[in-house]
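Tertiary structure, described
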Amino acid sequence: MKTVLTIAGSDCSGGAGIQADLKTIAAHGLYGMSVITALTAQNTLGVSDVMPVPAAFLKEQLDSVISDIRPDAVKIGMIPDKEQLLVIAAALKEQKITQVVVDPVMAATSGRKLSGDASGDFFLELFAEAALITPNIPEAARLLGEEIRDKKEVEQAAASLAKKYHTAVLIKGGHADTGADDYLFTGKEGVWFPGTRLDNTNTHGTGCTLSSAIACGLAEGFLLKEAVRRAKEYLTGAIAAGLDLGHGNGPLDHMYRLRK
Ligand SMILES: Nc1ncnc2c1ncn2[C@@H]1O[C@H](COP(=O)(O)OP(=O)(O)OP(=O)(O)O)[C@@H](O)[C@H]1O
Ligand SMILES: Cc1ncc(CO)c(N)n1
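Residues numbered from 1 in each chain as written. Chains lettered and ligands numbered in written order. Predicted model: local features only at pLDDT ≥ 70, side-chain atom pairs only at ≥ 80, totals over all residues. Heavy atoms only, no water.

1. A look at the overall build of the chain
Across its full length, the chain holds eight helices and nine strands. Scaling as 2.2 N^0.38, a compact globule of 260 residues should have a C-alpha radius of gyration of about 18 Å, and the chain matches this with 17 Å. By principal-axis analysis of the C-alpha atoms, the chain measures approximately 45 × 40 × 35 Å. Across the 260 residues of the chain, 54% fall into the buried class. Considering only intrachain contacts with a sequence separation of at least 6, the fraction spanning at least 24 residues in the chain is 67%. (Helix = DSSP H or I, 4+ residues; strand = E, 2+ residues; numbered from the N terminus. Rg over C-alpha atoms; globule rule 2.2 N^0.38 Å. Buried < 20%, exposed > 50% of the residue type's maximum accessible area, 1.4 Å probe, protein only. Contact = heavy atoms within 4.5 Å.)

2. A word on the site of ligand 2
All residues in the neighbourhood of ligand 2 are listed as Gly9, Ser10, Ala16, Gly17, Gln42, Met78, Val105, Leu114, His204 and Cys208. Glutamine 42 has a polar side-chain atom sitting 2.8 Å from a nitrogen atom of ligand 2. Summarising the interface, the protein chains cover 88% of the accessible area of ligand 2, which totals 290 Å² for the free molecule. Taken together, the residues of the shell around ligand 2 sort by class into five nonpolar, five polar and no charged. (Near = heavy atom within 4 Å. Polar contact = N/O pair within 3.5 Å; in protein donor to acceptor, adjacent residues only side chain to side chain. Areas by Shrake-Rupley, 256 points an atom, 1.4 Å probe, with all protein chains shown as cover. Nonpolar A, V, L, I, M, F, W, Y, C, P; charged D, E, K, R; others polar.)

3. Concerning the site of ligand 1
Taken together, 16 residues lie near ligand 1, and Asn136, Lys172, His175, Asp182 and Leu198 sit nearest. Between lysine 172 and ligand 1, the recorded distance is 2.7 Å, taken from a side-chain N or O atom to an oxygen atom. At 3.2 Å, a backbone N or O of threonine 206 approaches an oxygen atom of ligand 1. Burial of ligand 1 by the protein chains amounts to 89% of its free accessible area of 630 Å². Contributions of two or more residues to the shell around ligand 1 are made by helix H7 (206-219) and helix H8 (224-240). In terms of residue class, the shell around ligand 1 is built from five nonpolar, seven polar and four charged.

4. Quick look at the pairing of strand S3 (residues 46-52)
The sheet contact formed by strand S2 (residues 31-43) and S3 spans six bridges and is antiparallel. Bridge pairing in S3 links alanine 41 to aspartate 49. Turn length for the S2-S3 hairpin, with the two strands adjacent in sequence and antiparallel, is two residues. (Pairing = 2+ DSSP bridges.)

5. Some words on the packing of aromatic side chains
Enumeration over the complete set of coordinates arrives at five aromatic pairs. On the basis of an interplanar angle of 80° and a centroid distance of 4.7 Å, the ring pair of phenylalanine 127 and tyrosine 165 is categorised as edge-to-face. In this pair, phenylalanine 127 sits in helix H4 (residues 124-127) while tyrosine 165 sits in helix H6 (residues 151-165), placing the two residues 38 residues apart along the sequence. This pair shows no difference in class: phenylalanine 127 is buried, exactly as tyrosine 165 is. Here tyrosine 234 and tyrosine 256 contribute two aromatic rings whose centre-to-centre distance is 5.8 Å and whose plane-to-plane angle is 35°, an arrangement assigned as tilted. Here tyrosine 234 is found in helix H8, whereas its partner tyrosine 256 is found in the segment after H8, with 22 residues between them in sequence. Both residues of the pair, tyrosine 234 and tyrosine 256, count as buried. Grouped by ring-pair contacts, the aromatic residues Phe122, Phe123, Phe127 and Tyr165 constitute a single cluster. (Phe/Tyr/Trp six-rings, centres within 6.5 Å; stacked < 30°, edge-to-face > 60°.)

Next up, the structure:
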C-alpha cells in the first residue's frame with residue numbers, strides 16, 4: 001500500500017485543508033496520514049478564526065509519523081508561520097523525502113490570511129525541498145511581485161518561478177478570466193492542461209484537492225506530467241459531480257467515482 005502524508009490546516013467544514021486531502025487520498029485507494037499545522041473555524045461562507053499549532057508540537061507530529069510509516073509522497077498546504085515552515089523543511093531534508101508537492105496557500109477566498117506573510121521569501125526553505133509548487137495566478141504574481149495578465153505571462157511566470165526556486169511549477173487557472181487551464185513548467189518543458197470552466201460555484205477546496213491528487217500520482221509512481229494530468233481529471237470530475245452543500249461556495253464530491 002502506498003502512503004501519502006498531508007501537512008496542512010484543518011477545515012472543520014470538511015471541504016478544504018486536511019479533510020479534503022484525506023478524502024482525496026482515500027478516493028485514490030492510498031493510505032493517508034496527516035500532520036496538522038493549524039485548526040481553522042470555517043465553513044462554505046468563510047474563515048472565522050485560526051489557531052496555529054506550536055512549532056514544537058508540529059515537529060512532534062512529523063517525527064511520530066515519519067519515523068514509523070515513511071510517506072511515499074507529501075502534500076503541504078497552509079503554514080501559519082515561519083517557525084513551522086523551517087521545522088517542516090528540515091524534516092523533509094533530513095529524511096531525504098523528495099516527492100513533495102507544496103501548495104503555497106496564502107489566503108482563503110474571503111481574504112483571510114492562512115499562511116505566513118505570503119511574500120516570496122516566506123516559502124524559500126520549503127520550496128527548496130519541493131518537487132512541485134502549485135500557486136494559483138494571484139499567488140504566482142505575489143511570489144514574483146509582478147502582474148500576470150494573460151497566457152503568455154503565465155508561461156513566463158512559471159519559468160521565472162522554476163528558475164528562482166529550482167523546482168517544477170504548476171500555475172492553476174481557476175482565477176483566470178476564462179477557462180480553467182493550468183500550466184506546468186517542469187524546468188525543461190512547458191505543458192498546458194486545458195480545462196473547461198464548469199458553471200458551479202461549489203469549488204471550495206479545489207486547490208487542496210488538486211495538490212493532494214498530484215501527490216497521490218507521484219506516490220503511485222507516475223512521472224510528474226502524468227500525475228498532474230490524472231489529478232486534473234480527478235478534480236474536474238469531483239467538481240462536475242455537482243454536490244451542493246452549505247450556504248456559500250460548497251465542497252467537492254470526492255466519492256463520485258465510487259458511484260459510477
Ligand atoms: N469552475 C471551475 N471549473 C473547472 N475547474 C476549475 C474551476 N475553478 C477552479 N478550477 C480548477 O481547480 C484547480 C484549482 O484552481 P484555483 O486557481 O481555483 O486554485 P486555488 O485558488 O488554489 O484553489 P482554492 O480555492 O482551493 O484555494 C485548477 O485545476 C483549476 O483549473
Ligand atoms: C485549512 C485550509 N487550507 C486551505 C484552504 C484554501 O482553500 C482553506 N480554505 N483552508
